[in-house]
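Tertiary structure, described
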6 protein chains.
Amino acid sequence: MIYLTRRERFSAAHRMYRHEWTDEQNLEIFGKCSNPNWHGHNYELFITVKGEISEDHGCVINMDILKEIIHKNVINKLDHKNMNLEVDFMKGKIATTENLVTAIWNELKGPVEEAGASLHCIRVKETENNSVEYYG
Amino acid sequence: MIYLTRRERFSAAHRMYRHEWTDEQNLEIFGKCSNPNWHGHNYELFITVKGEISEDHGCVINMDILKEIIHKNVINKLDHKNMNLEVDFMKGKIATTENLVTAIWNELKGPVEEAGASLHCIRVKETENNSVEYYG
Amino acid sequence: MIYLTRRERFSAAHRMYRHEWTDEQNLEIFGKCSNPNWHGHNYELFITVKGEISEDHGCVINMDILKEIIHKNVINKLDHKNMNLEVDFMKGKIATTENLVTAIWNELKGPVEEAGASLHCIRVKETENNSVEYYG
Amino acid sequence: MIYLTRRERFSAAHRMYRHEWTDEQNLEIFGKCSNPNWHGHNYELFITVKGEISEDHGCVINMDILKEIIHKNVINKLDHKNMNLEVDFMKGKIATTENLVTAIWNELKGPVEEAGASLHCIRVKETENNSVEYYG
Amino acid sequence: MIYLTRRERFSAAHRMYRHEWTDEQNLEIFGKCSNPNWHGHNYELFITVKGEISEDHGCVINMDILKEIIHKNVINKLDHKNMNLEVDFMKGKIATTENLVTAIWNELKGPVEEAGASLHCIRVKETENNSVEYYG
Amino acid sequence: MIYLTRRERFSAAHRMYRHEWTDEQNLEIFGKCSNPNWHGHNYELFITVKGEISEDHGCVINMDILKEIIHKNVINKLDHKNMNLEVDFMKGKIATTENLVTAIWNELKGPVEEAGASLHCIRVKETENNSVEYYG
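A quick note: this is a predicted structure, and the numbers were derived from the prediction, not measured. (Residues numbered from 1 in each chain as written. Chains lettered and ligands numbered in written order. Predicted model: local features only at pLDDT ≥ 70, side-chain atom pairs only at ≥ 80, totals over all residues. Heavy atoms only, no water.)

1. Looking at the environment of E:Arg18
Relative to the helices and strands, E:Arg18 is located in the loop between strand 1 (2-14) and helix 1 (23-30). A C-alpha to C-alpha distance of 8.8 Å links E:Arg18 and E:Ala95, two positions 77 residues apart in sequence. (Helix = DSSP H or I, 4+ residues; strand = E, 2+ residues; numbered from the N terminus.)

Below is the structure:
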């Protein structure tokens with residue numbers, strides 16, 4: 001079993017808040033991350049897929065196909081967007097990195113399997129100090 | 001003459017647009033960077049000051065004083081904020097990195113000189129691929 | 001299950017040596033790392049905790065609480081200190097990165113659990129080429 | 001159980017191609033990576049070994065011995081070489097990163113065990129965006 | 001005057017050698033870098049342009065135009081190529097990083113000026129330890 | 001004129017203090033950096049030399065010669081050492097990064113010129129946030 005990791009990047013605005021709460025309640029729980037006027041990040045996304053090495057071409061998966069899957073399903077929806085307002089798979093969710101990794105997992109699991117590999121891990125690095133991983 | 005560089009970071013939302021233009025005109029010039037719902041970045045800020053080495057303490061400037069100047073005048077105003085809506089020294093300016101470095105220069109020049117050094121360069125790295133420098 | 005990793009940093013002096021051995025014996029086993037006059041590093045510490053996503057706030061753990069736990073129990077004791085002479089949880093141990101990760105694990109396991117998550121991994125990066133991980 | 005990771009680097013030329021295929025067929029499958037005139041990379045190699053902490057010296061393995069094993073068996077054969085033409089353990093294989101990690105695993109497993117530790121993972125980072133891992 | 005730096009990347013094979021010399025003479029001067037079977041690198045290219053901030057759009061130069069200039073004139077010719085055999089602007093030159101930065105300068109100076117800015121610096125980072133700059 | 005930069009690294013212990021002052025006075029000026037039991041860093045050293053490209057070999061200076069100069073005169077004296085107690089060119093100086101860059105300049109200027117290039121800049125990065133440059 002081989003694990004292949006692709007890094008992609010996107011820049012997005014977001015706000016951590018729960019709509020049932022007032023701005024003051026959100027501020028109490030989420031601090032400056034709940035700023036009603038938004039803030040943003042350069043996110044790094046690490047997608048790890050696993051599979052056997054193909055005897056035909058020596059790869060786990062064709063990298064161009066993997067990149068196309070990631071861009072179509074995730075990057076194009078998130079890059080230079082507002083994560084709370086514009087991203088279909090984040091609608092109705094608190095815009096935390098924890099909720100983001102599970103949502104991205106759900107977007108990519110099917111297409112990666114259709115391409116002949118298995119999705120192993122989604123990791124999102126929000127800043128140089130904070131990152132989150134999900135293994136399904 | 002010695003050059004001392006301090007790196008600081010801030011995460012902010014912004015939108016590149018000119019208010020006299022329509023969203024369509026802004027989109028034509030600024031592309032996805034003009035998204036009306038904002039996007040954001042992890043900015044890295046490099047402040048370079050210059051001066052002679054003090055015979056008393058062997059430094060160009062006391063680092064704690066320099067950090068306080070940077071945080072009070074720049075980081076506290078930009079971090080987890082909306083650059084277009086909430087930052088006094090960016091009011092009325094197009095929120096490009098070019099306008100940001102000159103504005104930060106103006107904020108820091110006086111306080112750095114009062115602390116006994118000279119401001120040499122403001123560099124802002126917006127993404128791992130794009131950065132801008134200003135020397136006054 | 002979600003894995004959240006926080007990076008923190010500390011700069012410390014240390015010396016790899018075993019007090020029952022002479023300086024010559026330590027030099028033979030540990031090489032330049034046993035220099036009796038000490039040397040030091042910028043250590044990077046990666047703390048990974050795991051848990052379920054809270055339906056209430058969408059996070060595994062409140063990041064401010066996690067940071068406070070790490071600083072109070074680890075960073076404040078190690079940063080700008082001598083690892084051999086001044087760090088209570090390294091007393092009587094050879095100051096290797098291997099012994100450091102297990103000691104940090106013991107310091108953090110309880111407080112992380114009290115805060116509602118589980119400690120998953122302690123990783124310490126001593127230089128850009130050497131790092132050590134411990135999973136309990 | 002402690003996991004120790006050593007990073008090493010090598011710069012090599014390669015070409016992804018299968019000799020039974022024509023250049024056109026290779027181009028169709030491997031794209032620009034199949035350029036008959038070669039291209040190359042700065043590869044980063046991460047070797048993770050595992051073991052118990054020695055009560056004698058507080059380490060999993062003597063780092064100088066580990067470095068010697070890696071250089072003798074892997075780095076000296078790959079650095080500033082052509083991966084397709086000059087590397088004994090890649091002969092007859094398609095020069096993909098997937099085939100490289102399994103080949104390096106086979107080169108290092110025995111020597112690491114003779115030195116008293118176990119080989120846990122071979123990771124090769126081909127570019128800042130692509131990496132591959134193998135756990136045996 | 002504002003300085004704007006764009007980073008681009010390319011992976012190429014090369015060999016440092018002088019065709020008037022034998023392989024043995026090249027080996028004596030260039031060491032392993034003269035390997036007749038080639039080796040390669042992930043090159044990082046930093047292009048710095050300078051100019052005034054446009055009152056119209058707040059930028060020194062339109063980033064999409066700058067990227068197009070760099071890709072058309074430099075990246076497309078170097079990426080996944082053999083620097084000695086396939087790159088028109090390196091023909092007849094020893095494939096050192098010093099000769100590369102001056103050649104790239106000559107390729108980009110005209111197009112950058114046509115786009116309304118001035119070329120300030122070409123920097124090429126061959127490995128994490130070695131880089132070369134040229135200011136014209 | 002071409003500028004060539006070589007990065008080297010060293011790990012050292014130090015303490016910022018002035019021997020005429022008491023520990024309390026040093027603490028007041030230098031804070032935790034004056035800890036009498038020392039602390040340490042992974043220092044990154046960037047040496048920039050300048051010169052014309054040799055028509056003979058296409059380089060500014062032979063890299064192996066430059067590396068030998070840096071190691072013999074600087075790295076071997078600083079790596080895994082105590083900067084205050086063991087480094088001849090820092091004797092009698094406050095162990096600040098400012099004093100370090102000027103001292104390294106003095107060590108390297110002559111040998112670089114003997115090798116046919118000019119010393120342009122010494123930069124030392126003490127942490128990921130702090131660095132100092134000197135141009136003679």
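2. Some thoughts on unusual backbone geometry
Of note, C:Trp38 is a non-glycine position whose phi angle comes to about 75°, a positive value. Looking at where C:Trp38 falls in the secondary structure, it is placed in the loop between helix 1 (23-30) and strand 2 (39-51). For E:His80, which is not glycine, the phi torsion reads 60° and is therefore positive. Within the secondary structure, E:His80 is located in the loop between helix 2 (63-78) and strand 3 (81-82).

3. Some thoughts on the relation of the copies chain F and chain C
Under the fitted operation, chain F is carried onto chain C by 0.0 Å of movement along the axis and a turn of 180°, and the coordinates agree to an RMSD of 0.0 Å. On the angle and the small slide along the axis, the relation comes out as a two-fold axis. When you check the interface residues of chain F against chain C, 100% turn up at the interface there too, and the contact is symmetric in its surfaces. (Least-squares fit on C-alpha atoms with pLDDT ≥ 70 in both. Contact = heavy atoms within 4.5 Å.)

4. Looking at the pattern of salt bridges
A complete count under the given rule lists 84 salt bridges over all chains for this structure. C:Asp56 is the partner of A:Arg18 in a salt bridge, and the nearest nitrogen-oxygen pair spans 3.1 Å. With A:Arg18 in the loop between strand 1 (2-14) and helix 1 (23-30) and C:Asp56 in the loop between strand 2 and helix 2 (63-78), this pair bridges two chains. Residue classification places C:Asp56 among the partly exposed positions, given a relative accessible area of 39%. Where salt bridges share partners, they join A:Arg7, A:Arg9, A:Glu44, A:Lys125, B:Glu128, D:Glu128, E:Arg7, E:Arg9, E:Glu44 and E:Lys125 into one cluster. (Salt bridge = Lys/Arg side-chain N within 4 Å of Asp/Glu carboxyl O. Buried < 20%, exposed > 50% of the residue type's maximum accessible area, 1.4 Å probe, protein only.)

5. What to know about the relation of the copies chain B and chain E
Between chain B and chain E, the superposition needs a rotation of 120° and an axial shift of 0.0 Å, giving an RMSD of 0.0 Å. Considering both components of the superposition, the chain copies are consistent with a three-fold axis. Scanning chain B for the C-alpha nearest the rotation axis identifies B:Glu128, at a separation of 8.9 Å.

6. A closer look at the packing of helix 2 (residues 63-78) of chain D against helix 4 (residues 97-114) of chain D
All names here are of chain D. Across the interface, helix 2 lies against helix 4 with an axial gap of 10 Å and an inter-helix angle of 145°. At the point where helix 2 passes helix 4, the crossing takes the right-handed sense. Residues Leu66, Ile69, Ile70, Asn73, Val74, Lys77 and Leu78 of helix 2 form the contact with helix 4, whose own contacting residues are Leu100, Ile104, Glu107, Leu108, Pro111 and Val112. Residues belonging to the contact of helix 2 with helix 4 are distributed by class as follows: 10 nonpolar, 1 polar and 2 charged. (Axes fitted to C-alpha atoms, helices over the stretch in contact; angles between N-to-C directions. Left-handed = near helix turned anticlockwise from the far one by under 90°. Nonpolar A, V, L, I, M, F, W, Y, C, P; charged D, E, K, R; others polar.)

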